[in-house]
Amino acid sequence: MNEIEQTGLATMRDCWITGGTSFDLAPAAWKDIAATANPDERERRLLAIAAQALEIALRPAAPKTLKRRPPLPELALPMLPERQRPLLRGALKHAADARAKSRVVALVASRGFVLHPMDWMPAASDQTSPDVYAPWIDWQAGVDGEKHTRREQLTAQNWDDFYPAARRTALADMRRAAPAVARQLIETKGSSEPAEIRLTLIALMHFGLGPDDVPFLKGLSADRSGKVRELAGRLLARLGQLGQPGDSGPEDPIAELAAFITEGKSGFIRRRTTYSPATLKSPAQERRRAELFETCNLVDLAARFGVTEPDFIGAWQFGAHNNVDILVARMVAASGSDAAVTHMADTLVAEGGKPALFVLHLMPRLDSRRQRVLIRLILKDTQYLGALSLAEGVEAGWLDWADLTNGKTLPALRAAVAGNDDVVKRGVDQLLETLGFLATAATAEKLIGDVVAAGMAPAAPSLALLRLNASLAGP
């Protein structure tokens, strides 16, 4: 339809709107079709032609910038069976935020399935989904549709043939198996990448981090990105490498942080050194101390006091100041050596109670055995069950029924479900969601039966992840 016909159609429409007839206004070809009918039928025929023209001839054309996307890549795991997709959608709907949804995705992946793309798709910026979704992440980012992910070995020659997510996955695998080869690739190709990509590549160095990485990481002290330099410094600190020595003056951050810490003695016979937060006079000083804990490294701080990392952690008086304890735990997680991290975790878990909760900040640095020990410890006591929501990087689907029955968790759950306290019930919902991620399929099924027997509605949304978990027991 040309512009004149479009203008004519608009005139006919205006005529109909005002209650008139439009036969005389119609294009000649349309008049030929309607001319043999009576006046009413002529208007109906013109109306039918006009409607068809609006639906077909005037349909907006696709913009020229629109490009055809390649087919969605097939993933390495099978799709979740159709019969379980309603349970999955229920679990995703109940998940409160992206973090909770990622747990649903991780649980399904741990049982050997991937999600249907109509139920969930990772974002192009997603860096927390299981590695199996890397082709979909790259598909989301690959708007030009020209590159394709490759399953062959990543090399300097085919570096550009890999999309970013597939490249990260390949490099992470390579760092675990052949860290020197991966480091050489990062060194060769990473320097030409933008700062944001360079940062993600350097972050992969924590896989298989070892003394051989020191020269490369030291070389990053001249990187043009401040974030890359800071990350390289943290990785060097994990390897026991001290940072640039300060002048111990007021502008030296390590000296400034040390001034916010009180060194003391304890014990009547065997005097031993202790470290605790100094009492500060203003919120500004509190904020400054927090900033310094976030930017300074453990090895430098311990060296400032003339002790080793384990000695500093062992002498720290956990429990004196909760917020500062958390800052210490985060500093250890970010820059402590593997030995320092495990020493702190083992010491606090052995102590139990509230101090053990600070280990939650170390979870991404702990092996699965230590992670499970801490979670079982929390479940056994139940005093700090809510802290379980802080746990990051924990594996899915391993918690046995005995872990729930060997403590106070199950009785506490039953009592909360049977009670009328809405605040407590909301806490139950969060805990059931956490347990839905951690539990084995058999444990999930038993737990559903237990809380339903205690009074929870069988169709309660808070049981959604447990129901999905129980359904993933097997074929």
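Before going into details, it helps to say that this report is about the structure given with it. (Residues numbered from 1 in each chain as written. Predicted model: local features only at pLDDT ≥ 70, side-chain atom pairs only at ≥ 80, totals over all residues. Heavy atoms only, no water.)

1. Brief notes about the overall build of the protein
Argument step 1. Looking only at helices and strands, one finds 23 helices and two strands in the protein.
Argument step 2. Taken against the 2.2 N^0.38 rule, which gives 23 Å for 475 residues, the C-alpha radius of gyration of the protein at 32 Å runs more than 25% over that of a compact globule.
Argument step 3. When the 475 residues of the protein are sorted by exposure, 43% land in the buried category.
Argument step 4. Surface exposure of the protein reaches about 25300 Å², of which carbon and sulfur atoms provide 54%.
Argument step 5. Positive and negative side-chain charges of the protein, numbering 57 and 56 respectively, have mean locations separated by a distance of 3 Å. (Helix = DSSP H or I, 4+ residues; strand = E, 2+ residues; numbered from the N terminus. Rg over C-alpha atoms; globule rule 2.2 N^0.38 Å. Buried < 20%, exposed > 50% of the residue type's maximum accessible area, 1.4 Å probe, protein only. Areas by Shrake-Rupley, 256 points an atom, 1.4 Å probe, with all protein chains shown as cover. Lys, Arg positive; Asp, Glu negative; His and termini not counted. Charge placed at Lys NZ, Arg CZ, Asp CG, Glu CD.)

2. Considerations on the side chain of arginine 183
Argument step 1. Along the polypeptide, arginine 183 turns up in helix α8 (residues 179-189).
Argument step 2. On the basis of relative accessible area, arginine 183 is assigned to the buried category, the value being 15%.
Argument step 3. Sequence-distant contacts of arginine 183, defined by excluding residues within four places in its chain, comprise Arg175, Met205, Asp212, Asp213 and Phe216. (Contact = heavy atoms within 4.5 Å.)

3. Overview of the packing of aromatic side chains
Argument step 1. In total, this model carries seven aromatic pairs according to the counting rule given.
Argument step 2. For the ring pair tyrosine 275 and phenylalanine 305, a centre distance of 4.7 Å and an interplane angle of 50 degrees mean the geometry is tilted. Of this pair, tyrosine 275 sits in strand β2 (residues 272-277) while phenylalanine 305 sits in the loop between α14 (298-304) and α15 (309-315), placing them 30 residues apart in sequence.
Argument step 3. The class of phenylalanine 305 is buried, set by a relative accessible area of 16%.
Argument step 4. Ring centres of phenylalanine 305 and phenylalanine 312 lie 5.9 Å apart, and the angle between their planes is 25 degrees; this geometry places the pair in the stacked category.
Argument step 5. Here the aromatic residues Tyr275, Phe305, Phe312 and Trp316 are joined through ring pairs into a cluster of three or more.
Argument step 6. For arginine 42, the ring lying beneath its charged end belongs to phenylalanine 23, and the centroid distance is 4.3 Å.
Argument step 7. The residue whose ring lies beneath arginine 69 is tryptophan 139, and the NZ or CZ to ring-centre distance is 4.1 Å. (Phe/Tyr/Trp six-rings, centres within 6.5 Å; stacked < 30°, edge-to-face > 60°. Lys NZ or Arg CZ within 6 Å of the ring centre and 35° of its normal.)

4. A short note on the pattern of salt bridges
Argument step 1. Taken as a whole, this structure holds 21 salt bridges when the rule is applied.
Argument step 2. Note that aspartate 173 is salt-bridged to arginine 176, the shortest N-O span being 3.1 Å. With aspartate 173 and arginine 176 both in helix α7 (residues 164-177), this residue pair falls three residues apart, about one helical turn.
Argument step 3. Overlapping salt bridges, with partners in common, bring together Glu82, Arg85, Arg89 and Asp119 in one network. (Salt bridge = Lys/Arg side-chain N within 4 Å of Asp/Glu carboxyl O.)

Purely geometric stuff here, so don't read any function into it on its own.
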